[in-house]
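The primary structure of each chain is shown beneath.
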Amino acid sequence: MIERLLNYIAENKEVITGAVFAFVIAFMQRKGDFMNKVSGAFLCSLFSTGLYCGVVSIFPSVPPVCAVAIGSFVGFYGVDETKKLIIDKIKSFLENRKDKDNE
């Protein structure tokens, strides 16, 4: 059991590092009581891992090192700002695509 866990960690060290970066950066930036900081940082960690997995499912050639960058980005900006940024980019992409289709 321990050996399987260690193998999993060795295979996915970049993804785990990205999640840890997101947690630590978000924890240091949040204000409030301890539980508020921990819960917000944990949410950032989960969101960054999910975001990386979503990017990899769309673009399989993305290297695992990008998980560290995504984790740092999400940890720094937070879940709400990251979500807003992604939604805005998708909306602008769809609007540009719609305009090109109408031409």
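Our subject is the structure that appears above.
All of these numbers come straight from a predicted model, not from anything done at the bench. Position numbers for residues count from 1 along each chain, tracking the sequence in the order it is written. Selection of residues for local features in this predicted model requires a pLDDT of at least 70, selection of side-chain atom pairs for listing and counting requires 80 or more, and totals for whole chains, interfaces and linings are taken over all residues. Side-chain numbers here rest on the full set of heavy atoms in the structure, without hydrogens or water.

Novice: Looking at this structure, how should I read the layout of surface pockets?
Specialist: In this structure, the largest pocket encloses a volume near 190 Å³. Of the grid points, spaced at 1 Å and generated over the protein atoms alone, those admitting a 1.4 Å probe that cannot get out make up cavities, while open sets with protein on both sides within 12 Å along at least five of seven lines make up pockets; any residue with an atom within 4 Å of a point is treated as lining. Looking at the largest pocket, it is lined by 13 residues, and the ones nearest its centre are Arg 30, Cys 44, Tyr 77, Gly 78 and Val 79. Working definition: helices are DSSP H or I runs of at least four residues, strands are E runs of at least two. Numbering for both runs from the N terminus. At the level of elements, helix H2 (13–29), helix H3 (34–58) and helix H4 (66–102) are the ones that each hand at least two residues to the lining of the largest pocket. The element contributing the most residues to the lining of the largest pocket is H4, with seven residues. Residues were grouped as follows: Ala, Val, Leu, Ile, Met, Phe, Trp, Tyr, Cys and Pro as nonpolar; Asp, Glu, Lys and Arg as charged; and all remaining residues, including Gly, as polar. Here the residues of the lining of the largest pocket are counted per class, giving six nonpolar, four polar and three charged. Grid points are joined across faces, edges and corners, and a volume is the space filled by probe spheres set on the points.

Novice: Before we go on, may I ask you to explain a nonpolar patch on the surface in this structure?
Specialist: Like charges within 9 Å and nonpolar side chains (Val, Leu, Ile, Met, Phe, Trp, Tyr) within 5 Å are joined into patches, using only residues over 30% in relative accessible area that form no salt bridge. In these tables, accessible area is a Shrake-Rupley quantity obtained with a 1.4 Å probe, and a residue counts as shielded only by the protein chains included in the view. Take a side-chain nitrogen of Lys or Arg and a carboxyl oxygen of Asp or Glu: if they are within 4 Å of each other, that pair is a salt bridge. Together, Ile 2, Leu 5, Leu 6, Tyr 8, Ile 9, Ile 16, Val 20, Phe 21, Val 24 and Met 28 give the surface a local cluster of nonpolar side chains, amounting to about 960 Å² of exposed area. Those elements that place two or more of their residues in the nonpolar patch are helix H1 (2–11) and H2. Looking at the secondary structure, you find Tyr 8 in helix H1.

Novice: What am I meant to see in the packing of aromatic side chains here?
Specialist: Think of a pair of aromatic rings as described by two things: how far the centres are apart, and how the planes are tilted against each other in angle. Two rings from Phe, Tyr or Trp (for Trp, the six-membered ring) form a pair when their centres are within 6.5 Å of each other. A pair whose planes differ by under 30 degrees is stacked, one over 60 is edge-to-face, and the rest are tilted. Throughout the structure, instances matching the rule amount to four aromatic pairs. Where Phe 23 meets Phe 27, the ring centres are 6.1 Å apart and the plane angle is 10°; that geometry is what we call stacked. Taken together, the positions of Phe 23 and Phe 27, both in helix H2 and four residues apart, correspond to about one turn of that helix. Judged by its relative accessible area of 29%, Phe 23 falls in the partly exposed class. With relative accessibility at 23%, the residue Phe 27 sits in the partly exposed group. Taken together, a centroid distance of 5.0 Å and an interplanar angle of 85° make the contact between Phe 76 and Tyr 77 edge-to-face. We call a residue buried when its accessible area falls under 20% of the maximum for its residue type, exposed when it is over 50%, and partly exposed in between, using a 1.4 Å probe and counting protein chains only. Look at Tyr 77 and you get partly exposed, because its relative accessible area is 46%. In textbook terms, an aromatic cluster arises when at least three aromatic residues are bridged by ring pairs, as seen for Phe 23, Phe 27 and Phe 34. Two limits define a charge over a ring: the Lys NZ or Arg CZ must be within 6 Å of the ring centre, and within 35 degrees of the ring normal. It is Lys 37 that lies over the ring of Phe 27; its NZ or CZ is 4.7 Å from the centre.

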